[in-house]
Amino acid sequence: MAERIQAIVAVDANVDQSQLRAALPEDAGIDVIGVIDGLEESWQTLQETSPDIVVVACSGYSDRALYFIDSAVKQASQRPVVVLTVGSPNGFVRRVFESGADDIVTLPESAERVAFTLMKAIARRQGAAIASGEALGAMICVLGPKEGTGKTLTATNLVVALAARGERAIIVDLDLQFGDVGLALGLRPDKTVYDLARSGGSLDAEKLDAYLVSHSSGAKALLAPTRPDQASAVSVDFLRDVFTTLRTMSEFVIVDTPPGFTPEVIAAIDSSSHTCMVGMLDSLSLKNTKLGLETLDLMGYDPARI
Ligand SMILES: Nc1ncnc2c1ncn2[C@@H]1O[C@H](COP(=O)(O)OP(=O)(O)OP(=O)(O)O)[C@@H](O)[C@H]1O
Ligand SMILES: [Mg+2]
């Protein structure tokens, strides 16, 4: 997900250019990557680019604009469309919404106000996508059925590399008894998944965030309990909730696991979008890696996501 929003403005005939320019956001996190004269030309551009939002500028009642909105919505139903119009003749506003547009602004209007409307349209779409499960971040479960194959090494380096690239990335230490993600990343376990599990009450993103420890790369970590006897306080059902909530909070959730298919590990695999199997080339490790891959197969895990 890009941090800044990219917008394309499709301009119908007879639109007052100076009025339109004055209404287009200058900054506010939105980049106008193209202002295209003519809806046919705009349609061409839409085939070649993938903006986050489409703005349609028109003047008075325009069937062309309605047709364009309808086509743009059909092309990418997740991408919001906002209409800027000069004058809103009878029936036009209703038709605009019927065509699938998210919002309509009557010009003249300040660039700030328009930027706000665009942001609102995007936020609403994202909210709807999260509610329907589509905007969940990727969750990569790092597996290795044998001890000491480099799972923690892989998982910690992965989360740091993603964070350094500007992604929101969170690592979960699922080695509940002997987790060493904190040690590997040089983080103090001031708060761990044990504290979170003991806190009671319902789980939401804000609460979960308070139990994450931050790394200098920008990565965040949900650390393992500090003592093995605390592991039993963390139930599998609780972990399932944690995984889902974390995926709404970030682009990537990386899970470091203990060796073997423990119930927590199976729950993590179930909740994940991808798995990464770490093995070594000695025969013992190869045998276990093969068994691990066969187990994923038995679980019905899509091989394309391994
Ligand atoms: N590719 C590698 N090259 C050199 N050293 C490695 C490599 N992978 C792992 N190591 C080292 O091997 C040790 C074990 O690695 P790591 O802790 O990542 O394994 P693990 O699979 O998480 O082990 P466990 O099953 O005990 O959690 C560490 O000291 C790590 O630095
Ligand atoms: Mg480990």
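Because the structure is predicted, anything quoted here is derived from the model rather than measured.

A. Broad picture of the sheet that holds strand S8 (residues 213-214). A sheet is described by the order of its strands in space; here 6 strands give the open sequence S8-S9-S7-S10-S6-S11, paired in mixed fashion. Strands at the two margins of the open sheet, each flanked by one partner only, are S8 and strand S11 (274-277). Both strand S7 (residues 169-173) and strand S9 (residues 220-222) contribute to a ladder of 3 bridges, which runs parallel. What sits directly across from Ile171, in S9, is Ala221. Packed onto the sheet, helix H11 (residues 263-271) meets strand S6 (138-143), strand S10 (252-256) and S11 and runs at close to 145° relative to S6. Across the face of the sheet, helix H12 (residues 283-298) comes into contact with S6 and S11 while running at roughly 165° to S11.

B. Structural detail: the side chain of Thr152. With respect to the secondary-structure elements, Thr152 resides in helix H6 (residues 151-164). We classify Thr152 as buried; its relative accessible area is 18%. Excluding anything up to four places from it in sequence, Thr152 contacts Asp180, Val181, Ala184 and Asp256.

C. Broad picture of the environment of Asp302. With respect to the helices, strands and loops of the structure, Asp302 is situated in the segment after H12. A relative accessible area of 34% means that Asp302 is categorised as partly exposed. Sequence spacing of Asp302 and Ser271 is 31 residues, and the spatial spacing of their C-alpha atoms is 13 Å.

D. Representation of the pattern of salt bridges in the model. Applying the stated criterion across every chain, the model contains 14 salt bridges. Between Glu98 and Arg95 there is a salt bridge, with its nearest N and O atoms 3.9 Å apart. Here Arg95 and Glu98 lie together in helix H4 (residues 92-98), a separation of 3 residues that amounts to about one turn. A salt bridge links Arg305 to Asp302, with the shortest nitrogen-to-oxygen separation between them at 3.8 Å. Accessibility expressed as a relative area gives 29% for Arg305, which makes it partly exposed.

E. Highlighting the domain arrangement of the protein chain. Segmentation of the protein chain into domains returns domain 1 (5-132) and domain 2 (138-305). Of note, the centres of domain 1 and domain 2, computed from C-alpha atoms alone, are 41 Å apart.

F. Quick peek at the layout of surface pockets. Estimates place the volume of the second largest pocket at around 160 Å³. Together, Glu147, Gly148, Thr149, Gly150, Lys151, Thr152, Asp175, Phe178, Asp180, Thr257 and Pro259 line the second largest pocket. Across the lining of the second largest pocket, the residue classes break down as 2 nonpolar, 5 polar and 4 charged.

G. Representation of the packing of aromatic side chains within the structure. Enumeration over the complete set of coordinates arrives at 2 aromatic pairs. Centroid distance Trp43 to Phe68: 6.1 Å. Interplanar angle 85°. Geometry classified as edge-to-face. Of this pair, Trp43 sits in helix H2 (residues 39-48) while Phe68 sits in helix H3 (residues 63-75), and the two are 25 residues apart along the sequence. A cation sits over an aromatic face here: Arg305 above Tyr301, 4.6 Å from the ring centre.

H. Up close: the site of ligand 1. Looking at ligand 1, the residues that line it are Glu147, Gly148, Thr149, Gly150, Lys151, Thr152, Leu153, Asp175 and Pro259. Take Gly148: an N or O atom from its main chain is 3.0 Å from an oxygen atom of ligand 1. Within the backbone of Thr149, a nitrogen or oxygen atom sits 3.1 Å from an oxygen atom of ligand 1. For ligand 1, whose free accessible area comes to 630 Å², the fraction covered by protein is 50%. Of the residues contributing to the shell around ligand 1, the split by class is 2 nonpolar, 4 polar and 3 charged.

I. Highlighting the environment of Leu20. Position of Leu20 among the secondary structure elements: in helix H1 (residues 17-23). Assessed through its relative accessible area of 0%, Leu20 is described here as buried. As a C-alpha pair, Leu20 and Thr49 span 29 residues in sequence and 22 Å in three-dimensional space. Filtering out sequence-adjacent residues up to four positions away, Leu20 remains in contact with Val9, Val11, Val15, Val35, Ala57, Leu84 and Leu107.

J. Here's a closer look at the nonpolar core. Residues Leu208, Leu222, Phe243, Leu246 and Val255 are the most contacted members of the largest nonpolar core, which totals 29 residues. Sorting the residues of this core by element identifies S6, S7, helix H8 (193-198), helix H10 (236-249), S10 and H11 as the ones contributing at least two each. Here the element with the most residues in this core is H10; it accounts for 6 residues. In this structure Leu208 touches Leu196, Leu203, Leu222, Val242, Thr245, Leu246 and Met249, once residues within four positions along its chain are discounted.

K. Quick peek at unusual backbone geometry. The linkage connecting Leu107 with the following residue, Pro108, adopts the cis geometry, with an omega of 0°. The residue Asn14 is not glycine, and still its phi comes out positive at about 65°. Since its relative accessible area comes to 69%, Asn14 is described here as exposed.

The rules behind the values
Residues numbered from 1 in each chain as written. Chains lettered and ligands numbered in written order. Predicted model: local features only at pLDDT ≥ 70, side-chain atom pairs only at ≥ 80, totals over all residues. Heavy atoms only, no water. Pairing = 2+ DSSP bridges. Helix = DSSP H or I, 4+ residues; strand = E, 2+ residues; numbered from the N terminus. Contact = heavy atoms within 4.5 Å. Axes fitted to C-alpha atoms, helices over the stretch in contact; angles between N-to-C directions. Buried < 20%, exposed > 50% of the residue type's maximum accessible area, 1.4 Å probe, protein only. Salt bridge = Lys/Arg side-chain N within 4 Å of Asp/Glu carboxyl O. Domains from an automatic or database assignment. 1 Å grid on protein atoms, 1.4 Å probe; cavity = no way out; pocket = protein on both sides within 12 Å on 5 of 7 lines; lining within 4 Å. Points joined across faces, edges and corners; volume = space filled by probe spheres on them. Nonpolar A, V, L, I, M, F, W, Y, C, P; charged D, E, K, R; others polar. Phe/Tyr/Trp six-rings, centres within 6.5 Å; stacked < 30°, edge-to-face > 60°. Lys NZ or Arg CZ within 6 Å of the ring centre and 35° of its normal. Near = heavy atom within 4 Å. Polar contact = N/O pair within 3.5 Å; in protein donor to acceptor, adjacent residues only side chain to side chain. Areas by Shrake-Rupley, 256 points an atom, 1.4 Å probe, with all protein chains shown as cover. Core = buried A, V, L, I, M, F, W, Y, C linked by side-chain atoms within 4.5 Å.

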